[in-house]
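Working through the structure, step by step
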Amino acid sequence: MSTKTDLTQWIDVSLPLSGNIPVWPGDPPAVIERNMSIREGEICNASRIDSSLHWGTHIDAPYHLFEDKWTIDQIPLEVLIGPARVIEFPDLSKIIADHLKKEDFKNTKRLLIKTRNSDFWGESPLIFHPEFTSLTADAAEFLVEIGVKMVGIDYLSIDLYAAEDLPVHKILYRQNIVGIEGLDLRNVTPGDYQLICLPLRIKGGDGSPARVVLLRE
């Protein structure tokens, strides 16, 4: 006997895309523009988007840092869909390996990290926070050692803002470990979930906005 999944159990952890979402300094501001409007007597509503591929909740393809690694359309679906673990560090300004080593990562292949960053998404207006929490290089090396395939964080970079040479990106993406940035984990408690994370299938893409949802195990 099959059973239906109650759709109300799914938690959407992706940001609604709009021109108000802060972008990484130096990236072009995102524009969503209506070019046809029923209210103005036209046959339909139609719009266009002009943005970076690294806008809002998005996936970094390893190709973002390495020419010989996966582009966004090459990432296997089994990396993007399956069991995931959410852990939380509410009071840290940076996450080092010793913090991660206190967690239980048995069989964890997809890891999402909730921090104080998620509270930034509740602000109005939204602004860029350079003091966001993220990973350090030794934390990334530990994640490689335990065999994760995907790492997500609740702000716009898996590296700290001051880390201009992007050590975490390089350590993970060199191993074809996929990054998710810009998650909104305000409504998520630590634990085990089923994850669906689907980017646009952009041929040769270095990244893509994504719809990311979780179902509590």
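Residues numbered from 1 in each chain as written. Predicted model: local features only at pLDDT ≥ 70, side-chain atom pairs only at ≥ 80, totals over all residues. Heavy atoms only, no water.

1. Concerning a negative patch on the surface
A contiguous patch of negative charge on the surface is contributed by Asp98, Asp138, Glu141 and Glu145. Here the negative patch gets three residues from one element, more than from any other, and that element is helix H3 (residues 137-146). On the accessibility criterion, Asp98 (47% relative accessible area) is partly exposed. (Patch = residues over 30% accessible without salt bridge, like charges linked within 9 Å, V, L, I, M, F, W, Y side chains within 5 Å. Areas by Shrake-Rupley, 256 points an atom, 1.4 Å probe, with all protein chains shown as cover. Salt bridge = Lys/Arg side-chain N within 4 Å of Asp/Glu carboxyl O. Lys, Arg positive; Asp, Glu negative; His and termini not counted. Charge placed at Lys NZ, Arg CZ, Asp CG, Glu CD. Helix = DSSP H or I, 4+ residues; strand = E, 2+ residues; numbered from the N terminus. Buried < 20%, exposed > 50% of the residue type's maximum accessible area, 1.4 Å probe, protein only.)

2. Re the side chain of Asp60
Looking at the secondary structure, you find Asp60 in strand E4 (residues 58-60). No salt bridge is formed by the buried Asp60. Its closest oppositely charged neighbour is Lys170, at 13 Å. A polar side-chain atom of Asp60 sits 2.8 Å from a polar atom in the side chain of Tyr173. If we skip the residues at most four places from it in the chain, Asp60 touches His54, His169, Tyr173, Val178, Gly179, Glu181 and Asp206. (Polar contact = N/O pair within 3.5 Å; in protein donor to acceptor, adjacent residues only side chain to side chain. Contact = heavy atoms within 4.5 Å.)

3. So, the packing of aromatic side chains
As enumerated under the stated definition, the model contains 10 aromatic pairs in all. Ring geometry for Phe132 and Tyr155: centres 5.2 Å apart, planes at 35 degrees, overall tilted. You can see Phe132 sitting in the loop between strand E7 (110-115) and strand E8 (134-135) and its partner Tyr155 sitting in the loop between strand E9 (150-153) and helix H4 (167-173), a full 23 residues away along the chain. Considered together, Phe132 and Tyr155 belong to a single accessibility category, that of buried residues. One aromatic cluster in this structure is built from Trp24, Phe120, Trp121, Phe128, Phe132, Tyr155 and Tyr161. (Phe/Tyr/Trp six-rings, centres within 6.5 Å; stacked < 30°, edge-to-face > 60°.)

4. Things to note about the pairing of strand E12 (residues 207-216)
Walk down a regular strand and you will see the side chains alternate between the two sheet faces. Burial analysis of E12 places eight of its 10 residues in the buried class, which makes it a mostly covered element. As defined by bridge partners, strand E1 (residues 10-12) adjoins E12 across three bridges and the pair is classed as antiparallel. Pairing of Ile11 across the sheet is with Leu214, part of E12. Alignment of strand E11 (residues 191-199) against E12, held across seven bridges, turns out to be antiparallel. By the bridge assignment for E12, Gln194 is matched with Leu215. (Pairing = 2+ DSSP bridges.)

5. Concerning H3
Buried residues of H3: Ala139, Ala140, Phe142 and Leu143, and no others. In an axial view of H3, the angular spread of the buried residues amounts to 160 degrees, which keeps them on one side of the axis. Residues of H3 that are buried in the fold lie against strand E6 (94-95), helix H2 (97-100), E7, E8, E9 and H4. Two residues or fewer past H3, Gly147 is found with a positive phi of approximately 85 degrees. (Arc of directions from axis to C-beta.)

6. Considering the pattern of salt bridges
On inspection of all chains with the given rule, the structure shows four salt bridges. Among the salt bridges present, the one from Arg48 reaches Glu33, with a minimum N-O distance of 3.5 Å. Pair noted here: Arg48 is in strand E3 (residues 46-50) and Glu33 is in strand E2 (residues 31-36), with a separation of 15 residues, a long-range link.

7. Some remarks on the environment of Ile180
Tracing the sequence through the fold places Ile180 in strand E10 (residues 178-181). Overall, the relative accessible area of 0% leaves Ile180 in the buried class. As a C-alpha pair, Ile180 and Ile59 span 121 residues in sequence and 4.5 Å in three-dimensional space. Beyond its immediate stretch of four places on either side in the chain, Ile180 contacts Thr57, His58, Ile59, Leu112, Met150, Val151, Gly152, Ile153, Ile158, Cys197 and Val212.

8. Section: unusual backbone geometry
The omega torsion of the bond from Ser124 to Pro125 falls at 0 degrees, within 30 degrees of zero and hence cis. Mapped onto the secondary structure, Pro125 falls in the loop between E7 and E8. We note that Asn107 has phi near 65 degrees; this positive angle belongs to a residue other than glycine. Using a relative accessible area of 67% as the deciding quantity, one classes Asn107 as exposed. Backbone geometry at Asn176 places phi at a positive 60 degrees, although glycine is not the residue there. A relative accessible area of 18% places Asn176 in the buried class.

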